[in-house]
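Here is how the chains run, residue by residue.
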Amino acid sequence: QLRWGGQVSGSVVGSRPIATTTVGTSVQCTVLLKTTLGNPARNRSALWSSASPSTASVDATGKVTASATTSGVVICATAPDVATVTNCASLVITP
């Protein structure tokens, strides 16, 4: 279980299970951190990562910038302090 000051987080719910974009463009991903009761976890931001930053970089807000074509790069949002509570999406990048 994930605990922040007595609050327990049970899930990371993403808005984009898969998306397609073109090289040189950006796509905004969002995520909602939830408690085990299903309520939004307040005052918390997800930690964003890309499996291939040279193909698609992601900033602290979840904005993904496509740099090269790929049939799928994995973008993940992780709950702070608990690397095991993660939601990932695949991004296809076309020329």
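Our structure is the block above this text.
Here the structure is a predicted model, which is why all the values come from computation and not from measurement.

## Concerning the overall build of the protein
Broken down by element type, the protein carries 0 helices and 10 strands. Moving toward the C terminus, one meets the helices and strands of the protein in the order β-β-β-β-β-β-β-β-β-β. Burial status across the protein gives 36% buried among its 95 residues. Within the protein, counting contacts between residues at least 6 apart in sequence, those at least 24 apart form 53% of the total.

## Some words on the environment of Val-64
Mapped onto the secondary structure, Val-64 falls in strand S8 (residues 63–66). A relative accessible area of 1% means that Val-64 is categorised as buried. Sequence separation between Val-64 and Leu-91 is 27 residues; the distance between their C-alpha atoms is 9.2 Å.

## Remarks on the state of the cysteines
One pass over the structure, following the stated rule, counts 1 disulfide. At a sulfur-sulfur separation of 2.0 Å, the disulfide partner of Cys-76 is Cys-88. What sets the handedness of the Cys-76 and Cys-88 disulfide is the S-S torsion sign, and at about 100° it is right-handed. On the criterion of sequence distance, the pair formed by Cys-76 in strand S9 (residues 70–78) and Cys-88 in strand S10 (residues 86–94) is long-range, its members being 12 residues apart. By relative accessible area, which is 13% here, Cys-76 ends up buried. Assessed through its relative accessible area of 39%, Cys-88 is described here as partly exposed.

Criteria and cut-off values
Residues numbered from 1 in each chain as written. Predicted model: local features only at pLDDT ≥ 70, side-chain atom pairs only at ≥ 80, totals over all residues. Heavy atoms only, no water. Helix = DSSP H or I, 4+ residues; strand = E, 2+ residues; numbered from the N terminus. Buried < 20%, exposed > 50% of the residue type's maximum accessible area, 1.4 Å probe, protein only. Contact = heavy atoms within 4.5 Å. Disulfide = S-S within 2.5 Å.

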